[in-house]
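# Coordinate inspection notes
Below are the chains, spelled out letter by letter.
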Amino acid sequence: MSALLHVEGLGKRFGGFTALQYVGLEVQPGERLGLIGPNGSGKSTLVNCICGTLRNEQGSVRFAGAAVNGLTAHQRTRLGLARSFQLPRPFGSLTLVENLRIPILYAVNSRSGHSLSGPAILTRCLELLGQVGLADKAHRLPRDLTQIEMRKLELARAMAAEPKLLIADEAMAGLSHAEVDEILALLIRLNGQGVTVIMIEHIMRAVMAFSQRLAVLVAGRKIADGDPKDVVRDPEVVRAYLGE
Amino acid sequence: MTGSLDLLVNAIISGLLLGGFYAAVSVGVAISFGMLDVVNIAHPAFILLGSYAAFIGNTVFGIDPILATIIVLPAFYLLGLLVYQVYYVAFERRDDQSLRGLSFFFGILFVAEVGLILTFGVDYRSVQAWYVSGNLNLHFIELPWRLLVPFLLGLAMVAVLQLFLSRTFLGRAIQAVAQDQQALRLMAANPTRIKRIAFGLSFATAALGGAALIIIQPVEPSIGREYIGRIFAICVLGGLGSFPGMVIAAVTLGIVENITATFFGPSWAPAVSFGVLLITLAVRPSGILGR
Amino acid sequence: MVSSVVKEEEEREGIRGLGHLAFIAALVAAAAVIFGIARLIGNSYAFFAAYVVVQYIVLGSAWNILGGYTGYVNFGITAFFAIGAYSTVVLYKLTPWLPLPAMIVVGGAMAALVGLGTGYLTLRLRGVFFSIATLALAVVVQTLITNWDFVGGARGAYVLRPKLAPLIGGDYVEYLFLVMLGLCVAVLATARAIERSALGYGFAAIRDDEAAAEASGVPTLRLKLVATALSGGFMGMAGAPLPYYVTYLDPASGFSLNYAVNAIAMPLIGGTASWVGPVIGGILVGGLQEYIRVTISSAVNVLVVGVLMVAFVILAPQGIVGLFQRKRR
């Protein structure tokens, strides 16, 4: 298996409600995968199961050739799997720099041969903040940020973990046209640096511009997976999600 | 041999009755923690307040203790509204619940206990009523009224509340808030107001629970602390958000505690509830009938 | 967590700029000065009262490592404190020749183990379950010890206080005070070292948003266990000298709720974000308590602390330290 991420037969229930039903997904190294679907279709649940925030009852997840099913979320992050949260979850009492310090201290530094020292960490944090355009607010607290700035911080924090695979969960929701373009450019640039990216979005313009491959999740099941141009013409996808 | 069996049967039966009493004191937390997610660890302090209200009504005015707490019920309800309002403004709104909210209730628990000590002293207090002593004689078994009355009171409270929650509009609104606040907002109902009312109800149950407590045993200010573990063990074991689960858990704990007390001595009772709590948290945190 | 803005400003001023060793040296110097003053006063009441205040600083600082830094509220302070105290009673009966510092280490280790055990069972769940479990733990440990005849059970245990203090001479109480001062230096140095380390950042991340911390690579369970062990261990060490201080130890006083309320109230009032808070809280509240106890009554002083705690939690959540920080900006 050369796939970076291999999800097979994933199933997740919440009490009587089946959130995910036999979901399978494969992502190749360096790929840009888009994941779309109606609200409540299980996209975030899927992310949570892949990343370890939730435990799936059925199925398996393999990442970088290793089975990660029993691993906790932090162990998976250390292996190179990172995600941004749909609703930004910054560390409220820490400055932006300190927010980025956490994944560097705990994800990056835990990998063998990788330890960054104090001043090097600060440099790296400022560099990352520069990449998302937040360098001038480096020593402010998250509560001083605007919506889009929080989203950028969220992405920057995921990037700080130096992931092999980044899952961006609705990072663009509610943003303006120009702001969507900013985030889009950021993700494409990241992919250019070698990071595999899964983008979960509702904004079709961004999804189509970004994705090399497109998967569709409806009511906990994957109903399409392939070339974006073909997927958006798939009648079942049109009926379930794109409408008319 | 039959001696042991007799002992066991008696322990089970009085444990069952004890369970009904435990349901009476726990139903308030089943509402505040189970449904509203507010960790009111000070609930036992208000139960004690109810006990002392029953005590005053009984010794000063000669009223039946249960009647005395029914009279002060509205005051407890209002107190609950007030406490929730403070909690909401200070913590829930700021989304700073965990550390400070818990410390808030711990502080209230403590202040209430010390306040009771200063007002009533540390002596044990009890009430007089025909059912505080004597047994109900059914041919095959004798049930002490002292246990039976709180048991019936507990079951009645849970039944009335369950009916209220499922049959009345307000009750169903409370259930809705417990499950999904967002949806409630979309229906233009004010979740805060509904939560406040529910919290007030939770305090009202504390008054009646207090009557039950002082009937079952003489009270003094520090016994509240023993009940925190019991009450939360019951709510967790039963499953947060489920009344029937809570009752089952209350009865189970009552029986297990009583058997332990009968065969190993009464001072081990607090260890039982802690053990139950730990085991539940370790093995099945959602409880018996939890969501 | 003191934000790096403030840290940078103060990097240039005074005490915050000190490295670890320099800080410890400063603490030791301060402790020596305090001890010297107490000796000059010569009154043994001074030693008794000062012991209590320093003990509370240790308890509050210990509590704060898990409570303020990591965001997990431990209500079972009396359990850990009493484990330390009663482990000394056991050692006093079995190995009375053991020097006090050794007993303190044992008491701390016992308490840390209990903390680890409780934590291992409850820290995977929401913080509130841990807090409730610690409440129940306090009652259970009290029950166990009340039923344990070897340590005197409900009747209590008598411990003979040596007449003379080892090392420094003078009354044994002075030695107890010195030991407690040493413990205080240790816990404050530890707290400050944590604040500035990767561990401290991990704690803060857990406190601010545990799920995000876990997703960022923080091994949350392991760190919480570390915090619980450190916190419980120091609380146990704070309790270990108690039997020699009171000479008669019974469960009612060993498990007094005052210890729990003070250990929580002092950091909350002083400020939970740094090592300074519990110190300020300990001195102010301890002093206030002593004053009220002497002028009005001991029940009222306990009531006042409870009311103050509730007031601060509602009105000034960052404590006294927070009030000063806001003025600075």
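### A closer look at the overall build of chain C
Broken down by element type, chain C carries 16 helices and two strands. What you see for chain C is a C-alpha radius of gyration of 19 Å, in line with the 20 Å of a compact globule of 329 residues. Dimensions of chain C, computed from the C-alpha atoms along their principal axes, are close to 50 × 45 × 40 Å. The 329 residues of chain C split such that 55% are buried. Look at the contacts in chain C between residues 6 or more apart in sequence, and 76% of them connect residues 24 or more apart.

### Digging into the overall build of chain B
Within chain B, the regular secondary structure consists of 11 helices and two strands. Ordering the α and β elements of chain B from the N terminus gives α-α-α-α-β-β-α-α-α-α-α-α-α. For 291 residues, the compact-globule estimate of 2.2 N^0.38 gives 19 Å, and the C-alpha radius of gyration of chain B, at 19 Å, lies within 12% of that figure. Structurally, chain B occupies a C-alpha span of about 65 × 45 × 35 Å along its principal axes.

### Quick notes on the nonpolar core
Within the largest apolar cluster, 290 residues are counted, with the highest numbers of intra-cluster contacts made by Val58, Leu59 and Met309 of chain C. Residues within four places of Met309 of chain C in sequence aside, it is in contact with Ser103 and Gly107 of chain B together with Val261, Ile264, Ala265, Leu268 and Ile269 of chain C.

### So, the packing of helix H2 (residues 20–41) of chain C against helix H7 (residues 172–195) of chain C
Residues and elements named next belong to chain C. Running from N to C, H2 and H7 point in directions that differ by 155°, and their axes come no closer than 10 Å. When the interaxial angle is binned, H2 and H7 end up roughly antiparallel. The hand of the H2/H7 crossing is right-handed. Together, His20, Phe23, Ile24, Leu27, Val28, Ala31, Ile34, Phe35, Ala38 and Arg39 of H2 and Glu174, Phe177, Leu178, Leu181, Val185, Leu188, Ala189, Arg192 and Ala193 of H7 make up the contact between the two elements.

### Some words on the sheet that holds strand S6 (residues 81–84) of chain A
Residue and element names in this part refer to chain A. Judged by pairing direction, the sheet is mixed, and its six strands sit side by side in the order S6-S7-S8-S3-S9-S10 without closing on themselves. The open sheet has two edge strands with one neighbour each: S6 and strand S10 (221–226). Across the sheet, the axes of successive neighbouring strands diverge by a mean angle of 15°, strand direction being ignored. Pairing of strand S7 (residues 165–169) with strand S8 (residues 196–200) involves five bridges; the strand directions are parallel. Within the sheet, the bridge partner assigned to Ile167 lies in S8 and is Ile198.

### Describing the sheet that holds strand S5 (residues 66–67) of chain A
Sheet strands line up and pair through hydrogen bonds in the backbone, either parallel or antiparallel. Residues and elements named next belong to chain A. In space, the four strands of this open sheet follow the order S2-S1-S4-S5, with antiparallel pairing throughout. Only two strands of the sheet have a single neighbouring strand rather than two, namely strand S2 (17–27) and S5. Taken together, the five bridges between strand S1 (residues 5–14) and strand S4 (residues 58–63) define a ladder with antiparallel strand orientation. Bridge pairing in S4 links Gly11 to Gln58. Those strands touched by helix H1 (residues 43–51) are S1, S2 and S4, and its axis lies near 65° from that of S2.

### Examining the interface of chain C and chain B
Interface size is often expressed as the accessible area that is lost when the parts come together. Counting from both sides, the interface comprises 35 residues of chain C and, opposite them, 36 residues of chain B. With 13 residues, helix H6 (residues 127–146) of chain C is the largest single contributor of residues to the side of chain C that touches chain B. The residue inventory of the side of chain C that touches chain B, partitioned by class, reads 26 nonpolar, nine polar and no charged.

### So, helix H10 (residues 220–239) of chain C
With 20 residues, H10 of chain C extends 28 Å between its outermost C-alpha atoms, agreeing within 8% with the 28 Å of an ideal straight helix rising 1.5 Å per residue. Of all 20 residues that make up H10 of chain C, 17 are buried, and the element is covered over most of its length.

### Regarding the environment of Leu187 of chain A
All names here are of chain A. Of note, Leu187 is situated in helix H6 (residues 177–192). Leu187 sits 155 residues away from Arg32 along the chain, and the two C-alpha atoms are 9.3 Å apart. Those residues within four positions of Leu187 in sequence are excluded, and the remaining contacts are Ala168, Val197, Met199 and Phe210.

### Comments concerning unusual backbone geometry
Not every positive phi belongs to a glycine, and Glu170 of chain A is a case in point at roughly 45°. Positionally, Glu170 of chain A belongs in the loop between S7 and H6.

### Notes on the packing of helix H3 (residues 44–66) of chain C against helix H13 (residues 257–270) of chain C
All names here are of chain C. Packing of H3 against H13 leaves a shortest axis separation of 8 Å and a crossing angle of 70°. With respect to H13, the element H3 is oriented roughly perpendicular. Here the hand of the crossing between H3 and H13 comes out right-handed. Here H3 contributes Tyr56, Leu59, Gly60, Trp63 and Asn64 to the contact with H13, which in turn contributes Tyr259, Asn262, Ala263, Ile264, Met266 and Pro267.

### Let's talk about the confidence of the model for chain B
Across chain B, the average pLDDT comes to 87, with 94% of residues at or above 70. Mean pLDDT across the secondary structure elements of chain B bottoms out at helix H7 (residues 181–186) of chain B, with 63, and peaks at helix H2 (residues 43–60) of chain B, with 94.

### Some words on the pairing of S7 of chain A
One face of the sheet, then the other: side chains in a regular strand alternate in exactly this way. All names here are of chain A. Within S7, five of the five residues are buried, which leaves it mostly tucked inside the rest of the structure. Side chains Leu165, Ile167 and Asp169 of S7 all project onto a buried face; the interleaved residues Leu166 and Ala168 project onto the opposite face, where all are buried too. Sheet topology places S6 next to S7; four bridges connect them, and they run parallel. Bridging across to S7, Ala82 finds its partner in Leu166. Regarding the hand of the β-α-β motif, the stretch spanning S7, H6 and S8 is right-handed.

### A word on the confidence of the model for chain C
Any region with low pLDDT has predicted coordinates that should not be read closely. Residue and element names in this part refer to chain C. Residues with a pLDDT of 70 or more make up 94% of chain C, whose mean pLDDT is 86. Mean pLDDT across the elements of chain C ranges from a minimum in helix H1 (residues 4–11), with 44, to a maximum in H10, with 95. When the criterion is pLDDT under 50, residues 1–15 qualifies, and its contacts beyond four places in sequence or with other chains add up to 22 contacts. For this predicted complex, the interface score ipTM comes out at 0.91, while the overall pTM is 0.89.

### Thoughts on helix H14 (residues 276–295) of chain C
End to end, H14 of chain C covers 28 Å across 20 residues, agreeing with the expected 28 Å (1.5 Å per residue, within 8%). Taken together, the buried positions of H14 of chain C are Val276, Gly277, Pro278, Val279, Ile280, Gly281, Gly282, Val285, Gly286 and Gln289 of chain C.

### Quick look at the pairing of S8 of chain A
All names here are of chain A. In terms of residue burial, S8 counts as a mostly covered element, since five of its five residues are buried. Here S8 shows a buried face lined by Thr196, Ile198 and Ile200 and a second buried face lined by Val197 and Met199. Judged from the four bridges that link them, strand S3 (residues 32–36) and S8 form a sheet pairing that is parallel. Of the residues in S8, the one forming a bridge with Arg32 is Val197.

### Some points on the environment of Phe63 of chain A
Residue and element names in this part refer to chain A. Relative to the helices and strands, Phe63 resides in strand S4. For Phe63, a count of 23 C-beta atoms within 10 Å gives the class buried. Along the sequence, Phe63 and Ile50 sit 13 residues apart, while their C-alpha atoms lie 9.1 Å from each other. For Phe63, the contacting residues outside a window of four places in its chain are Leu5, Val68, Arg76, Leu79 and Leu81.

### Observations concerning the environment of Glu226 of chain B
With respect to the helices and strands, Glu226 of chain B occurs in helix H9 (residues 224–238). Sequence separation between Glu226 of chain B and Pro44 of chain B is 182 residues, and the spatial gap between their C-alpha atoms is 8.7 Å. The residues touching Glu226 of chain B, leaving out its near neighbours within four places in the chain, are Pro270 of chain B together with Val139 of chain C.

Conventions and cut-offs
Residues numbered from 1 in each chain as written. Chains lettered and ligands numbered in written order. Predicted model: local features only at pLDDT ≥ 70, side-chain atom pairs only at ≥ 80, totals over all residues. Helix = DSSP H or I, 4+ residues; strand = E, 2+ residues; numbered from the N terminus. Rg over C-alpha atoms; globule rule 2.2 N^0.38 Å. Buried ≥ 20, exposed ≤ 12 C-beta atoms within 10 Å, placed from the backbone. Contact = placed C-beta atoms within 7 Å. Core = buried A, V, L, I, M, F, W, Y, C linked by C-beta atoms within 7 Å. Axes fitted to C-alpha atoms, helices over the stretch in contact; angles between N-to-C directions. Parallel < 35°, antiparallel > 145°, perpendicular 65-115°, else oblique. Left-handed = near helix turned anticlockwise from the far one by under 90°. Pairing = 2+ DSSP bridges. Nonpolar A, V, L, I, M, F, W, Y, C, P; charged D, E, K, R; others polar. Expected span 1.5 Å × (residues − 1). pLDDT = per-residue confidence, 0-100. Right-handed = clockwise from strand over helix to strand, strands pointing away.

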